[in-house]
Amino acid sequence: MMQLSIKNLTKTYPNGVTALKNVSLTINKGMFGLLGPNGAGKSTLMRTVATLQEADSGSIQLGDINVLEDKVALRRVLGYLPQEFGVYPRISAQQLLDHMAVLKGITDKKGRKTLVDAMLERVNLQDHRKKSVSSFSGGMRQRFGIAQALLGEPKLIIVDEPTAGLDPGERNRFYNLLSEIGENVIVILSTHIVDDVKELCSDMAIIHEGEVLFSGSPQLAVDSLDGLIYERTIGKAEMMEYQQKYTIISNKLVSGKTRIHVHSEEPIPGFSPVEADLEDVFFSKIMGVSAAQL
Ligand code: ADP
């Protein structure tokens, strides 16, 4: 079975920032969520797996490919949708995708045309194929990004922060597209948005300050907080007082009132027990709440 196995990966940038601290992860086929706040090290990890930058130490193995040693072999089976595409040339989406297919080694002209058209159809951009990608909306660009990432039947697909900047409708269309990619490839979705992982991923990891704080299924993550989350709705002015008294792991505005989630070993008078959600897990991990039990 094909697996991506990341072992003891470490990276310190020349400015002294350690972006990855001994990161180890095993990633199987299906949709994997790499969840972490901004600056956690997600892009550094994704770029290293995509062979776009070097690590200081550690190893990455994809099936029988030693990724850090054999970059060419990895690139042949990689589909990568980076956070930022940079500037697009002023050519049509169809021409650009065709060009990208050439770069992926698809040399047969007729086959390539069929493939490019099929891809544009698949991401629902066929009506816009004559337009330049630079004129596309954020959601259309992301769909174009997926089309280019899917060229050449990749075995490993990496999407870095794909839904940032998309409106809810675009985000939904993008989710649907991702979920159709298929079960026979490894898809890594790097994101700081808990909902991205909740809706799409069967497996996940939480990364913070370059360290993996959790790895497993979203359900396992939520179960680890079973019976430890309590909720109460408070007035805005009371926030400070509650912050001093309790371990508040999240707060949300609900119809103008503040609803807080508190982590506690025991019931608290005035609070109701609630089922933990993935957001609670994310914030409690990041805040380092009772690391012993999590
Ligand atoms: P994320 O993708 O989770 O936001 P990054 O991998 O981009 O995290 O960044 C991790 C840390 O490394 C951050 O502190 C960031 O400022 C730093 N960093 C990222 N790229 C560079 C770079 N090229 N040079 C120096 N520091 C960097």
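## Structural notes on the sheet that holds strand S12 (residues 247–254)
The strand order S12-S13-S11-S14 describes an open sheet built from 4 strands, whose pairing is antiparallel. Edge positions in the sheet fall to S12 and strand S14 (272–273), since each of these pairs with one other strand and no more. Note: strand S11 (residues 229–234) against strand S13 (residues 257–263), 6 bridges, orientation antiparallel. What sits directly across from Ile-229, in S13, is His-263. Across the sheet, helix H10 (residues 278–287) lies against S11, S12 and S13, angled at about 140° from S12, the strand it touches most.

## Focus: the site of the ligand
As a matter of local geometry, the ligand sits amid 13 residues, with Gly-39, Gly-41, Lys-42, Ser-43 and Thr-44 nearest to it. The separation between an oxygen atom of the ligand and a polar main-chain atom of Gly-39 is 2.7 Å. When the ligand sits alone it has 560 Å² of accessible area, and the protein chains cover 65% of it. The element that contributes the greatest number of residues to the shell around the ligand is helix H1 (residues 42–49), accounting for 4 residues. Classifying every residue of the shell around the ligand gives 5 nonpolar, 6 polar and 2 charged.

The rules behind each value
Residues numbered from 1 in each chain as written. Predicted model: local features only at pLDDT ≥ 70, side-chain atom pairs only at ≥ 80, totals over all residues. Heavy atoms only, no water. Pairing = 2+ DSSP bridges. Helix = DSSP H or I, 4+ residues; strand = E, 2+ residues; numbered from the N terminus. Contact = heavy atoms within 4.5 Å. Axes fitted to C-alpha atoms, helices over the stretch in contact; angles between N-to-C directions. Near = heavy atom within 4 Å. Polar contact = N/O pair within 3.5 Å; in protein donor to acceptor, adjacent residues only side chain to side chain. Areas by Shrake-Rupley, 256 points an atom, 1.4 Å probe, with all protein chains shown as cover. Nonpolar A, V, L, I, M, F, W, Y, C, P; charged D, E, K, R; others polar.

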